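Letter by letter, the chains look like this.
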Protein chains: 2
Amino acid sequence: MAGEHTDDESQRGESNAATAAVLVIGDEILSGRTQDRNIGYIAQYLTGIGIDLREARVVADVEDEIIAAVDALRARYTYVFTTGGIGPTHDDITADAIAKAFGVPLEEHPRAIAALLKYLRPEDLNPARRRMARIPQGAKLVNNPVSKAPGFWIGNVIVMAGIPSVMHAMLDNVATELRTGVPVVSRTIKATCKEGDVAEGLGTIARNHANVAIGSYPYFSEGTSGTNIVLRSRDADALETAYNEVVQLVATVRHTGASPF
Amino acid sequence: MAGEHTDDESQRGESNAATAAVLVIGDEILSGRTQDRNIGYIAQYLTGIGIDLREARVVADVEDEIIAAVDALRARYTYVFTTGGIGPTHDDITADAIAKAFGVPLEEHPRAIAALLKYLRPEDLNPARRRMARIPQGAKLVNNPVSKAPGFWIGNVIVMAGIPSVMHAMLDNVATELRTGVPVVSRTIKATCKEGDVAEGLGTIARNHANVAIGSYPYFSEGTSGTNIVLRSRDADALETAYNEVVQLVATVRHTGASPF
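Attention in this report is confined to the structure presented alongside it. (Residues numbered from 1 in each chain as written. Chains lettered and ligands numbered in written order. Predicted model: local features only at pLDDT ≥ 70, side-chain atom pairs only at ≥ 80, totals over all residues. Heavy atoms only, no water.)

### So, the pattern of salt bridges
Applying the stated rule across the entire model yields 26 salt bridges over all chains. Of the charged contacts, one joins R187(B) and E240(B) as a salt bridge, the two residues approaching to 2.9 Å between their closest N and O atoms. Taken together, the positions of R187(B) in strand β9 (residues 185–191) and E240(B) in helix α10 (residues 236–251) put the pair 53 residues apart, joining distant regions of the chain. The partly exposed category is assigned to R187(B), whose relative accessible area is 29%. Connected via shared salt-bridge partners are D52(A), R54(A) and R234(A). (Salt bridge = Lys/Arg side-chain N within 4 Å of Asp/Glu carboxyl O. Helix = DSSP H or I, 4+ residues; strand = E, 2+ residues; numbered from the N terminus. Buried < 20%, exposed > 50% of the residue type's maximum accessible area, 1.4 Å probe, protein only.)

Encoded structure:
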């Protein structure tokens, strides 16, 4: 980060970029049963199309928690992407929560029913499965080529499945309609020096290049240690200049001591 | 989840259990450069010692964001575990943010300096590395057997490193002092039937066993699909009863149609 006390928009020179939050909904993540991989996937995806992911949250399958998180996030960011809780069982309450957050009724959507019937015989379309066709009034459907049951998009909130393969397909489907921007480009310097030996110089370079975010990530394992220095910016020239300064900095530092930092 | 419209404490019969949130601090997670594994690790760990993880958040290396998240979470949960941002570089601002959240100064802690000097020659203890010994006034140190630079514990907030191996050691160090509880026990039924065929029955079982959380997780990949049904409770008898009811339910359901749900 280029400076600690300035607003983060100006820090990165990205004030026109669309922003986003991810809201993962599911007890299974918070119990540790399932390792979330959706945050990381969406993070990479949005970075690639020039949308800044600013925050992620994981909440349980509890209606009030979902509503509170959706309301907090949709007020702050251009887009909110939710994953999870749109299946047919009693613990799938995302659609209910989103409808309440927006103050609209849930309605059975004819095209959602039609989508379900691509996989289901009419006699198998029981009340539980019909739940998956309940969409908040005014929402657009998000097609699901994998397993048919759709997600939806209401206001600035995009509701997707929790199963990664389904979520990936849904994200592909909505991406063409998102306000994308200039992607952030990054360069990484894998330095063998210690973080503590380049920290002061890195801080100076970061201060001098307000639109380049500089992160420092130490690594160490048996016998070897060093620092990955990652520079990120939408400004290719500034990135190049800062990169060269970091390369120069790293070249002047000796690998000292037994410390990993 | 046992019911949609009741308070989540009473849903699970867990009103005496300690609760927790995880706050992951780091641009690298939100850019997609690094896949977070700390949330899942802490989730499993806390579940194992009877503490309920209720929420997780990921925020950027931006001071105001860290302060806002810490304040929101520490007001709601028994414990808040943070990871990341306690190294020597300009983007490591967690200690500053936590001190501001608690309204106390940061002070160089003599035992933290002593810990750093186990790895460092005195001449290598430069201002950047000394930053790692700055601890909010009144905080206790959390020892770091891996790379020496300590975490700390202030109020109900436990500040740990972002590097998984270091975080694991810090969590082991604080675990003995946490208010632990009766662990939630879980049983899983891997059903070959579709989620939509057991959804109604599962909902009934969930309603009848308010202290058993029942989650349903469909799986499907080429040619095969089904549902993992996970029951979780602190009440072994209730868990056993609900488990038997789910086994019976699943046995009565035929595997129908081409739908994955």
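From this point, the discussion proceeds with the structure in view.
### Some points on the packing of aromatic side chains
Residues and elements named next belong to chain A. Counting across every chain of the model gives 6 aromatic pairs over all chains. Ring geometry for Y41 and Y45: centres 6.0 Å apart, planes at 35°, overall tilted. Residue Y41 and its partner Y45 are both found in helix α3 (residues 38–48); the two are separated by 4 residues, about one turn of the helix. Residue class for Y41 comes out partly exposed when judged on its relative accessible area of 26%. Among the residues examined, Y45 registers a relative accessible area of 19% and is labelled buried. Ring geometry for Y79 and W153: centres 6.4 Å apart, planes at 80°, overall edge-to-face. Remark: W153 occurs in strand β7 (residues 151–154) and Y79 occurs in strand β3 (residues 79–83); sequence separation between them is 74 residues. Overall, Y79 belongs to the buried group, its relative accessible area being 8%. Linked through ring pairs, Y79, F81 and W153 together constitute an aromatic cluster. Over the face of the ring belonging to Y119 we find K148, whose NZ or CZ atom lies 5.5 Å from the ring centre. (Phe/Tyr/Trp six-rings, centres within 6.5 Å; stacked < 30°, edge-to-face > 60°. Lys NZ or Arg CZ within 6 Å of the ring centre and 35° of its normal.)

### Digging into the nonpolar core
Counting residues in each nonpolar core, the largest one holds 128 residues, and the members touching the most others are Y79(A), F81(A), Y79(B) and F81(B). In contact with F81(B), other than residues within four places in its own chain, are A20(B), A21(B), V22(B), L23(B), L46(B), I158(B), M160(B), L171(B), V174(B) and L178(B). (Core = buried A, V, L, I, M, F, W, Y, C linked by side-chain atoms within 4.5 Å. Contact = heavy atoms within 4.5 Å.)

### As for the pairing of strand β1 (residues 19–25) of chain B
Residues and elements named next belong to chain B. Here β1 lies mainly inside the structure; 7 of its 7 residues are buried. Residues of β1 alternate between two faces, with T19, A21, L23 and I25 on one and A20, V22 and V24 on the opposite face, all of them buried. Pairing between β1 and strand β2 (residues 52–59): 7 bridges, direction parallel. The residue bridging T19 from the neighbouring strand is D52, located in β2. Looking at chain direction, β1 and strand β3 (residues 79–83) are connected through 5 bridges and run parallel. Paired with V22 across the strands is F81, a residue of β3. (Pairing = 2+ DSSP bridges.)

### Observations concerning helix α4 (residues 63–76) of chain B
All names here are of chain B. The end-to-end C-alpha distance of α4 is 20 Å, a good match for the 20 Å that 14 residues give at a rise of 1.5 Å each. Of all the residues in α4, the buried ones are E63, E65, I66, I67, A69, V70 and L73. Lining the buried residues of α4 we find β1, β2, β3, α5 (94–102) and β8 (157–160). (Expected span 1.5 Å × (residues − 1).)

### Comments concerning the relation of the copies chain A and chain B
Aligned on chain B, chain A shows an RMSD of 0.0 Å; the corresponding rotation is 180° and the shift along the axis is 0.0 Å. Look at the turn and shift together and you get a two-fold axis relating the two. Relative to the rotation axis, the C-alpha of R57(A) is the closest in chain A, positioned 2.1 Å from it. Same-surface contact between copies: 100% of interface residues of chain A are shared with the interface of chain B. (Least-squares fit on C-alpha atoms with pLDDT ≥ 70 in both.)

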